[in-house]
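# A look at the structure
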Amino acid sequence: MTRHIEMLDALFKHATEGIVVVNKAGTIVMLNPKAKELFGYSDMELIGKKIEMLIPQRFAGNHVHYRDNYLEAPRARGMGHLMDLFARRFDGSEFPVEVSLSPFKTSDGEFVVSFVIDITERKKQDTRIREANLEIQKLNAELEERVEQRTRELAEAVKKVEESQEEVIRALKKEKELNNMKSQFVTIASHEFRTPLATILSSASLIGRYVTTEDEEKRHKHVHRIKSAVNNLTEILNDFLSIGKLEEGRIHSVPVQVDLPLFCKSLIEEIQGLCKEGQEIRFDYSGTEDVWLDKQLLRNILFNLLSNGIKYSDNGKQIFLTIQADPKMIHLNVRDQGIGIPDADQVNVFDRFFRAHNAGNTQGDRAGPQHRQ
């Protein structure tokens, strides 16, 4: 019996929850060290005092009524269902709590034991989760706006085609080709969108599970994954739309003077974040440094080739960018150690929406070029 009493005493003293025992009159008769720590009182300051000392003044009056009703028919239950509960410390400051009650009887009479948990950190985590959800909603709204904007651009392009008899005739000649493209587009688009959309869905679901301070890094990781997936979707939309603009002659080269080695180093630094573990981009440049070219078009070309090299290569592999420039010509060479393109597919690498057969389910560009010049 003595051993059982010692065990109960140890549980009471070392519990991580605050424990406050009151009698049927609502008077505090016992509290554990954790409760003293939570409320900032000593034993002598609380023993014999009403439980309302631990409740904010604005709630104390109503609490007496609630307490009396409970003590008339006590039962084990939690407090504050669908309500926010607050407790008051010795210094008058308040903090959110979660409270559960359990009545019991002894030879000395009837008592109620209250288990009190400080949920300040949980409330902070709830706030962070709500903020993360708002950020996700904002990102989704931005994505929808971009899609609508691109749709309006396409609608304007169609209107111009309808107004021009020559372009209408050209559109009719391409009708059969367009029908074939639709099936190819659906196949590729469904593949391209599946991975980022699955990432957004899974990360949004997982964020709600991380509620402790220790999970802060995991929450930020999933928010970053959602942002990256949204940016990926935007890039895919831009890629599809750029194809149509090129065919309509709406994209023109606007050359400017560029420090080409510096431009390439900056782009490589930007794309390093896509590299898998152990991958490295090796850059070698020779010849004239100041050249005239369209920076945006060159960026799109190099970004496409380098990102393909990264996507279709294993961890630890190298991707090589070699440039030779003279006043009249620039020779670009992108090479990697990835899966390559089968000989039978190489004649189709510049076809719209083409994807090499050995690309499998790898998320990437429409073609799988691994060595282009």
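The structure displayed is predicted, hence computed values, not measured ones.

Analysis parameters
- Residues numbered from 1 in each chain as written.
- Predicted model: local features only at pLDDT ≥ 70, side-chain atom pairs only at ≥ 80, totals over all residues.
- Heavy atoms only, no water.
- Helix = DSSP H or I, 4+ residues; strand = E, 2+ residues; numbered from the N terminus.
- Buried < 20%, exposed > 50% of the residue type's maximum accessible area, 1.4 Å probe, protein only.
- Contact = heavy atoms within 4.5 Å.
- Areas by Shrake-Rupley, 256 points an atom, 1.4 Å probe, with all protein chains shown as cover.
- Salt bridge = Lys/Arg side-chain N within 4 Å of Asp/Glu carboxyl O.
- Pairing = 2+ DSSP bridges.
- Lys, Arg positive; Asp, Glu negative; His and termini not counted.
- Polar contact = N/O pair within 3.5 Å; in protein donor to acceptor, adjacent residues only side chain to side chain.
- Phe/Tyr/Trp six-rings, centres within 6.5 Å; stacked < 30°, edge-to-face > 60°.
- Lys NZ or Arg CZ within 6 Å of the ring centre and 35° of its normal.
- Expected span 1.5 Å × (residues − 1).
- Arc of directions from axis to C-beta.
- Core = buried A, V, L, I, M, F, W, Y, C linked by side-chain atoms within 4.5 Å.
- Patch = residues over 30% accessible without salt bridge, like charges linked within 9 Å, V, L, I, M, F, W, Y side chains within 5 Å.

### Here we look at the overall build of the chain
Helices and strands together make up the secondary structure of the chain, namely 10 helices and 12 strands. For the chain, buried positions account for 33% of its 373 residues. In the chain, the share of contacts with a sequence separation of at least 24, taken over all contacts with a separation of at least 6, comes to 61%. Here the chain has roughly 23600 Å² of accessible surface; of this, 54% comes from carbon and sulfur atoms.

### What about the pattern of salt bridges?
Tallied over the entire structure, the rule returns 8 salt bridges. Two residues, glutamate 98 and arginine 122, come together in a salt bridge whose shortest N-O distance is 2.8 Å. Of this pair, glutamate 98 sits in strand E5 (residues 94-106) while arginine 122 sits in helix H5 (residues 120-163), and the two are 24 residues apart along the sequence. Using a relative accessible area of 36% as the deciding quantity, one classes arginine 122 as partly exposed.

### Topic: the pairing of strand E11 (residues 330-336)
Here 7 bridges tie strand E10 (residues 318-325) to E11, and the two strands are oriented antiparallel to one another. Pairing of leucine 321 across the sheet is with valine 334, part of E11. Here E10 folds back onto E11 in antiparallel fashion, the turn holding 4 residues.

### Quick look at the side chain of aspartate 336
Position of aspartate 336 among the secondary structure elements: in strand E11. Arginine 335 is the oppositely charged side chain nearest to the buried, salt-bridge-free aspartate 336, at an N-O distance of 8.1 Å. Here the side chain of aspartate 336 touches glycine 338 through a polar contact of 2.8 Å, landing on its backbone nitrogen.

### Side note on the packing of aromatic side chains
Applying the stated criterion to the full structure yields 4 aromatic pairs. Ring plane angle 90° and centroid distance 5.2 Å describe the contact between tyrosine 41 and phenylalanine 90, whose orientation is recorded as edge-to-face. One end of the pair, tyrosine 41, is in the loop between helix H2 (33-39) and helix H3 (43-46); the other, phenylalanine 90, is in the loop between strand E4 (85-88) and E5, with 49 residues separating them in the sequence. Assessed through its relative accessible area of 10%, tyrosine 41 is described here as buried. Taking the ring centre of phenylalanine 320 as reference, the NZ or CZ of arginine 335 above it sits at 4.3 Å.

### Quick notes on helix H9 (residues 260-271)
Over its 12 residues, H9 runs 16 Å from end to end, which matches the ideal 16 Å to within 8%, given 1.5 Å per residue. Considered for burial, the residues of H9 that qualify are Leu260, Pro261, Phe263, Cys264, Leu267, Ile268 and Ile271. The arc that holds every buried residue of H9, seen down its axis, measures 160°, which confines them to one face. Relative to its buried face, H9 has exposed residues pointing more than 90 degrees away, namely Leu262, Lys265 and Glu269. Its buried side turned inward, H9 meets strand E7 (256-259), strand E8 (280-287), strand E9 (290-293), helix H10 (295-311), E10 and E11.

### Some points on the nonpolar core
Residues Leu260, Phe263, Cys264, Ile281, Leu302, Leu306 and Leu321 are the most contacted members of the largest nonpolar core, which totals 22 residues. Of all the secondary-structure elements, those providing two or more residues to this core are H9, E8, E9, H10 and E10. In terms of residues, this core owes the most to one element, H9, which gives 6 residues. In this view, leucine 321 contacts Cys264, Ile268, Arg282, Phe283, Asp284, Leu302, Leu306, Asn333 and Val334; residues no more than four positions away in its chain are not counted. Counting 20 residues, the second-largest nonpolar core is a separate cluster that includes Val20, Leu31, Tyr41 and Val116.

### Quick notes on the environment of leucine 139
Among the structural elements, leucine 139 can be located in helix H5. By relative accessible area, leucine 139 is classed as buried at 12%. The spatial distance from the C-alpha of leucine 139 to the C-alpha of valine 230 is 7.3 Å, given a sequence separation of 91 residues. Contact partners of leucine 139, with chain neighbours within four places excluded, come to Ile226, Lys227 and Val230.

### Considering a nonpolar patch on the surface
A surface patch of nonpolar side chains, about 320 Å² in accessible area, is lined by Val254, Val256 and Trp292. Its place among the elements puts valine 256 in strand E7.

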